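Listed here are the chains, written in short residue letters.
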Amino acid sequence: MDGEPAHLAATRSGYDAIAGQYAETFRAELEQAPLDRAVLAAFAELVRRAHPEAPVLEVGCGPGAVTAHLSALHLDVRGIDLSPAMVDLARQEHPDLGFEVGEMGRLDRRDGELAGLVSWYSLIHVPAPHRRSVLEEFHRVLRPGGYVLIAFQVGHDTLHLDEAFGRAVSLDFHRLQPDDVEALLDGAGFEPAARMVKAPEPSSAASQVPQCFVIARRPLGGAWAQE
Ligand SMILES: C[S@@+](CC[C@H](N)C(=O)[O-])C[C@H]1O[C@@H](n2cnc3c(N)ncnc32)[C@H](O)[C@@H]1O
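Let us look at the structure shown here. (Residues numbered from 1 in each chain as written. Predicted model: local features only at pLDDT ≥ 70, side-chain atom pairs only at ≥ 80, totals over all residues. Heavy atoms only, no water.)

Bringing the sheet that holds strand β3 (residues 98-101) into the picture now. Here we have seven strands laid out as an open sheet, ordered β3-β2-β1-β4-β5-β9-β8, and mixed in their pairing. Edge positions in the open sheet fall to β3 and β8 (191-198), since each of these has one partner strand only. Taken over all neighbouring pairs, the strand axes of this sheet differ in orientation by 15° on average, direction set aside. Alignment of strand β1 (residues 55-59) against strand β4 (residues 114-120), held across three bridges, turns out to be parallel. By the bridge assignment, L57 is partnered in β4 with L117. Against the sheet, helix α4 (residues 84-93) contacts β2 (76-81) and β3, and its axis sits at roughly 170° relative to β3. Strands β1, β4 and β5 (142-153) of the sheet are contacted by helix α5 (residues 128-141), whose axis makes an angle of about 145° with β5. (Pairing = 2+ DSSP bridges. Helix = DSSP H or I, 4+ residues; strand = E, 2+ residues; numbered from the N terminus. Axes fitted to C-alpha atoms, helices over the stretch in contact; angles between N-to-C directions. Contact = heavy atoms within 4.5 Å.)

What follows is the structure in structure tokens.
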């Protein structure tokens with residue numbers, strides 16, 4: 001796309017190339033992950049208690065497994081993803097749910113439209129200089145009292161892949177520090193709600209490093225405080 005940052009083109013074409021194999025490999029991931037499901041359940045309850053029936057968005061939804069899980073938790077949820085191939089797959093796998101192509105740094109949503117927003121291993125593809133503005137965009141689209149949930153691998157390094165599932169790609173996976181993510185959320189206007197760090201699981205190829213889940217809330221204030 002004209003004028004977009006280079007990392008978006010690389011991420012889009014990388015996931016377009018591997019979408020099918022990615023979906024196949026990770027389709028049942030949540031079934032093996034009780035702690036992940038506990039975090040999603042807690043998030044869903046927090047959102048429902050704050051804003052029953054208001055919309056929720058998963059940004060970077062991939063094939064839609066987490067979107068579907070959130071829907072089963074009684075959230076009115078849709079998914080967006082940068083990769084058209086991922087969005088096609090999500091639509092095929094979950095025809096009853098809504099998915100669209102979109103970029104998390106420029107969301108096609110009105111100010112304060114959403115009750116909840118989930119970035120489940122997708123902020124990991126945003127380079128450091130762009131992270132703050134992405135979180136400000138999350139803040140813009142969330143209504144006061146709304147929640148954001150961010151899942152990421154913990155570390156100081158960036159894993160770069162030139163090849164994945166036998167396909168040539170150029171994908172960067174930025175490992176993050178929980179304190180840094182919470183500081184960025186604070187800078188974007190959020191207040192902390194919860195943090196969980198899961199120890200590495202040697203038996204899982206996807207969980208060789210600690211995983212962190214951070215939940216934050218857009219503070220109540222202004223006109224919304226009257227609700
Ligand atoms: C590691 S996958 C996670 C997919 C899904 N959330 C899951 O857990 O299975 C990362 C996904 O984020 C998407 N993504 C990365 N950067 C994005 C951006 N700036 N806007 C929207 N989606 C993005 C990728 O296309 C990819 O589908």
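For the rest of this paragraph, the subject is the side chain of R143. Tracing the backbone shows R143 in strand β5. Here the side chain of R143 touches G112 through a polar contact of 3.3 Å, landing on its backbone oxygen. (Polar contact = N/O pair within 3.5 Å; in protein donor to acceptor, adjacent residues only side chain to side chain.)

The next subject is the nonpolar core. Ranked by internal contacts, the top residues of the largest apolar core, which has 60 residues, are F43, W120 and F138. Top contributing element to this core by residue count: β5, with seven residues. Every residue in contact with W120, bar those within four places of it in the chain, is listed here: L30, D36, L40, E58, V59, G60, V66, L149, A151 and F213. Counting six residues, the second-largest nonpolar core is a separate cluster that includes C61, A68, L97 and F99. (Core = buried A, V, L, I, M, F, W, Y, C linked by side-chain atoms within 4.5 Å. Buried < 20%, exposed > 50% of the residue type's maximum accessible area, 1.4 Å probe, protein only.)

Geometric values such as these leave the question of function open.
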